[in-house]
Amino acid sequence: MKQPFETESATAATPNASETAKLGGAAFGKLADLAARAAEETSRLTNLEPILRIPVTVQVLLGSATMPVADLMKLGRGAVIPLDHRVGEPVEVVVNGRIVARGAVVVVEDENSRFGVSLTEIVGGSPGDVEA
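Residues numbered from 1 in each chain as written. Predicted model: local features only at pLDDT ≥ 70, side-chain atom pairs only at ≥ 80, totals over all residues. Heavy atoms only, no water.

1. Some thoughts on the overall build of the chain
Check the secondary structure of the chain and you find 3 helices and 4 strands. Along the chain, helices (α) and strands (β) appear in the sequence α-α-β-α-β-β-β when read from the amino end. Counted over contacts in the chain with a minimum sequence separation of 6, partners at least 24 positions apart contribute 37%. Accessible surface, the chain as shown: approximately 11200 Å² in total, 59% of it carbon and sulfur. (Helix = DSSP H or I, 4+ residues; strand = E, 2+ residues; numbered from the N terminus. Contact = heavy atoms within 4.5 Å. Areas by Shrake-Rupley, 256 points an atom, 1.4 Å probe, with all protein chains shown as cover.)

2. Some remarks on the layout of surface pockets
Here the largest pocket is characterised by a volume of approximately 290 Å³. Forming the walls of the largest pocket are 14 residues, and the residues nearest its centre are L62, R86, V87, V91 and V105. Counting residues per element, the ones that place at least two in the lining of the largest pocket are β3 (98-107) and β4 (115-122). The residue inventory of the lining of the largest pocket, partitioned by class, reads 9 nonpolar, 3 polar and 2 charged. (1 Å grid on protein atoms, 1.4 Å probe; cavity = no way out; pocket = protein on both sides within 12 Å on 5 of 7 lines; lining within 4 Å. Points joined across faces, edges and corners; volume = space filled by probe spheres on them. Nonpolar A, V, L, I, M, F, W, Y, C, P; charged D, E, K, R; others polar.)

3. Things to note about the sheet that holds strand β2 (residues 91-95)
A sheet is described by the order of its strands in space; here 4 strands give the open sequence β1-β2-β3-β4, paired in antiparallel fashion. A strand with exactly one partner marks an edge of an open sheet, and here the two such strands are β1 (58-61) and β4. When strand polarity is set aside, the average angle formed by the axes of neighbouring strands in this sheet is 40°. The sheet contact formed by β1 and β2 spans 4 bridges and is antiparallel. (Pairing = 2+ DSSP bridges. Axes fitted to C-alpha atoms, helices over the stretch in contact; angles between N-to-C directions.)

4. Section: unusual backbone geometry
Phi angles above zero are rare outside glycine, and N96 is one such case at about 50°. Tracing the backbone shows N96 in the loop between β2 and β3. We classify N96 as exposed; its relative accessible area is 52%. (Buried < 20%, exposed > 50% of the residue type's maximum accessible area, 1.4 Å probe, protein only.)

5. Some remarks on the pairing of β2
Looking at chain direction, β2 and β3 are connected through 5 bridges and run antiparallel. When the sheet's bridge partners are listed, E92 is paired in β3 with R102. Here β2 hands over to β3 after 2 residues, with N96 in that stretch at a positive phi of 50°.

6. Re a nonpolar patch on the surface
A cluster of nonpolar side chains, namely V60, L62, M67, L72, L75, I81, L83, V105, V107 and F115, defines an oily patch on the protein surface of about 860 Å² accessible area. When you line up the elements, M67 lands in the loop between β1 and α3 (69-74). Under the relative-accessibility criterion, M67 is labelled partly exposed at 32%. (Patch = residues over 30% accessible without salt bridge, like charges linked within 9 Å, V, L, I, M, F, W, Y side chains within 5 Å. Salt bridge = Lys/Arg side-chain N within 4 Å of Asp/Glu carboxyl O.)

As structure tokens, then:
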């Protein structure tokens, strides 16, 4: 008789005693390898701890505009500066002057008055350097 919440697939996936015995040393060896890798990774992360705490500046570039100084001096409260990006186009995520990702602007769920960026692409290498 099946226990509550017991399913056939869960029962079939659990090896019985004879199957476990067949695995023997091979399974133990794999477990030992996994444990050694986990210990190595933990050690590596521990050594990186000071580096992982270094603060970096993260910026999201919504767009840019070029205008003469005369037009800039005419700007006042409520003025609108048209940007070169359109609504719905990906924005660039810049970390310490380097483009590292692109994403879409979203409204943060817990507060409708704040925006965030949902990452859609991670950019690799240094060709994306910008003056931010």
